[in-house]
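Listed below are the residues making up each chain.
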Amino acid sequence: MRNNRQKKQTSALLISVVLHGILFGLLILSSLVYHPLEVMGGGEGDGDMMGAVMVDTGSAAQEWGRIQQQKKGQAEKTKKEPEEVIEKTEPKPTVDEQKLEQQKLEQQRQKQLEQQKAKQEAEAKAKQEALEKAKQEAEAKAKQEAEAAKLKAEAEAKRLAAVAKQAEQEAKAKAEQERIAKEKALQAEKAKAEKEAKEKAEKDAKAKAERDAKEKAEQEAKAKAEREAKEKAEKDAKAKADAKAKQAALDDFLNGGDVGGGSASKGGNANKGGSQGSGAAMGAGDGGKVGDQYAGVIKKEIKRRFIKDPSFAGKVCSIRIQLARDGAILGYQRVSGPDDICAAALSAVARTKKVPAAPSDEIYNKYKNPIIDFDLK
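Each residue is numbered by its place in its chain's sequence as written, counting from 1. For a predicted model such as this one, the threshold for reporting local features is a pLDDT of at least 70, and the threshold for listing and counting side-chain atom pairs is 80 or more; totals across whole chains, interfaces and linings nevertheless cover every residue. Hydrogens and waters are ignored; side-chain quantities use all the structure's heavy atoms.

Student: Just checking my understanding: could you explain the overall build of the protein chain for this structure?
Tutor: The secondary structure listing takes helices from DSSP runs of H or I that are at least 4 residues long and strands from runs of E that are at least 2 residues long, numbered from the N terminus. A count of helical and extended segments in the protein chain gives six helices and three strands. Should any heavy atoms of two residues lie within 4.5 Å, those residues are counted as being in contact. At a minimum sequence separation of 6, the contacts of the protein chain that also span at least 24 residues come to 69%. When the accessible surface of the protein chain is split by element, carbon and sulfur atoms take 55% of a total near 29,500 Å². Throughout, the Shrake-Rupley method with a 1.4 Å probe supplies accessible areas, and for residues the shown protein chains are the sole cover considered.

Student: Please explain the confidence of the model for the protein chain as it appears in this structure.
Tutor: In low-pLDDT regions, the fine details of the predicted coordinates are not to be read closely. On a scale of 0 to 100, pLDDT captures the predictor's confidence in every residue. Per-residue confidence for the protein chain gives a mean pLDDT of 76; residues scoring 70 or more make up 71%. Strand β1 (residues 317-323) holds the highest mean pLDDT among the elements of the protein chain, 95, whereas helix α2 (residues 57-80) holds the lowest, 65. Scored below 50 in pLDDT, residues 34-53 shows eleven contacts in the model against residues more than four places distant or in partner chains. Here residues 253-288 is a poorly scored stretch, pLDDT under 50, and it has 57 contacts once near neighbours within four places are set aside; other chains count.

Student: I tried to follow the state of the cysteines on my own but got confused; where do I start?
Tutor: Structurally, a disulfide amounts to a covalent bond that connects the sulfur atoms of two cysteines. In plain terms, two cysteine sulfur atoms within 2.5 Å form what is called a disulfide here. Per the stated rule, a full pass over the model turns up one disulfide. One disulfide bridge connects C317 with C342, the sulfur atoms lying 2.1 Å from each other. Here the S-S torsion is close to 115°, and the disulfide linking C317 with C342 is therefore right-handed. Linking C317 in strand β1 with C342 in helix α5 (residues 339-352), this pair joins segments that are 25 residues apart in sequence. In terms of burial, C317 and C342 fall into one category: buried. Think of it in three bands: residues with accessible area under 20% of the maximum for their type are buried, residues over 50% are exposed, and the middle band is partly exposed, with areas taken using a 1.4 Å probe on protein chains only.

Student: Explanation requested: a nonpolar patch on the surface in the structure shown.
Tutor: The residues that make up patches have over 30% relative accessible area and no salt bridge, and they are joined within 9 Å when like-charged or within 5 Å when they are Val, Leu, Ile, Met, Phe, Trp or Tyr. Salt bridges, as used here, are contacts in which a Lys or Arg side-chain nitrogen is within 4 Å of a carboxyl oxygen on Asp or Glu. A contiguous nonpolar patch, built from I15, V18, L19 and I22 and spanning about 350 Å² of accessible area, is present on the exposed surface. Turning to its location among the elements, L19 is positioned in helix α1 (residues 2-33). For L19, a relative accessible area of 40% corresponds to the partly exposed category.

Student: Explain the pairing of strand β2 (residues 329-336) to me, please; I cannot follow it from the model alone.
Tutor: Taken residue by residue, a regular strand's side chains alternate between the two faces of the sheet. When DSSP locates at least two bridges between a pair of strands, those strands are taken to pair. Relative to β2, β1 runs antiparallel, the two sharing six bridges. Opposite S318, over in β2, you have S336 as the bridge partner. Linking two consecutive strands that pair antiparallel, namely β1 and β2, is a turn of five residues; a positive phi of about 95° is found at G327 within it.

Student: Looking at this structure, how should I read the sheet that holds β2?
Tutor: In any sheet, the strands associate via hydrogen bonds between backbone groups, in a parallel or an antiparallel arrangement. Ordered by their spatial adjacency, three strands build an open sheet running β2-β1-β3, and the pairing between neighbours is antiparallel. Two strands bound the open sheet, and with one partner strand each, they are β2 and β3 (371-374). Going from strand to strand, the sheet's axes swing by 30° on average, the running direction of each strand aside. In the sheet, β1 pairs with β3 via four bridges, with the strands oriented antiparallel. In the sheet register, I319 faces β3, and the bridge partner there is I372. An axis is simply a line fitted to the C-alpha atoms; with a helix, the fit covers only the stretch in contact. Between two such axes, the angle follows the N-to-C directions and lies from 0 to 180 degrees. Across the sheet, α5 lies against β1, β2 and β3, angled at about 170° from β2, the strand it touches most.

Student: How do you make sense of the nonpolar core when you look at a structure like this?
Tutor: Looking at soluble globular proteins, one finds that nonpolar side chains tend to be buried together. In this structure, Y294, I298, I302, F306, I321 and F374 are the most contacted members of the largest nonpolar core, which totals 24 residues. Sorting the residues of this core by element identifies α4 (290-303), β1, α5, α6 (361-367) and β3 as the ones contributing at least two each. Here this core gets six residues from one element, more than from any other, and that element is α5. Every residue in contact with I302, bar those within four places of it in the chain, is listed here: I321, I329, A348, V349, T352, V355, I372 and F374. Definition used in this section: a nonpolar core is a set of buried Ala, Val, Leu, Ile, Met, Phe, Trp, Tyr and Cys residues joined via side-chain atoms within 4.5 Å.

Student: Please explain a positive patch on the surface as it appears in this structure.
Tutor: Together, R5, K8, K127 and K133 line one region of the surface with positive charge. Within the residue set of the positive patch, elements represented by two or more residues are α1 and α3 (95-256). Mapped onto the elements, R5 comes out in helix α1. As used throughout, the charge tally considers Lys and Arg to be positive and Asp and Glu to be negative, leaving His and the chain termini uncounted. Here the site of a charge means NZ on Lys, CZ on Arg, CG on Asp, or CD on Glu.

As structure tokens, then:
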């Protein structure tokens, strides 16, 4: 705003200098056009004196232009009518004419003064309005700045209050944490003391329990040793009795069983002297071997259901069977042989379902998958 004011002052100064230059030029020109007014009357004393006249530069310029145009028009008119040359002598202005001219000039001067005054008033009014506007802008700016400063101060006050509140909250939180930590420390010490006391009690109790357990274990070990010795003696006696009973049962099974319908006295299945047993894959039975005797029992039990036909002469069919521990036939497969005799052999195995169980695990493991040969023998 200050720079604008300086620019306006500089422009006004330049305009004033230019106008004064034009004014001086017009004054010089007017002195050439108008005759100086003489003071009327020597001894009459009622003549009017002309004082200094202020001339408006704009009006003077207009008047000068009008005179030049008038002279130019007269010159052109003279060129158009060369024949009519009329000599005219300019009459000297009279006192009335001079007064009239003075009145006209005075009126022009008054008019110029009024215009200049109106212009000055307008400029003053514009200047005043500019000053008022600048004042209003300055006041608005100051008000805006004050409002901004107030808002900034309020914001800063709020921020400081928030910071203070946060600091207070942090202090309270820190104090609370310290209180909790202290309580936890006290509780930890108390718990530690209780734990140590409990551990000591448990350690004492454990030591006592270990002593009691050791004494009890020694007593139990002694009792167990006595019991095991007694059980071993009983087990040995029982094993001997079982072995004796098993041997008796095996002898009864092999010598007096009902497989084949015979008996030991009649010699149906008994052959203690070692009869020649049949059965190709089983091998010849040695009467002194229990396993071979069991193989003969299996073959004899199945062959009881084998339907022979004279057409089987010279033919042999081998069938493998799978036995369970209780003698049940779990499965069977044809190994070799013609279709006709194998059909009869497979039918015999299927109808048998089960054979006597092996007298021992050792014999079962040896004969749980035997191969039986079927022929006309």
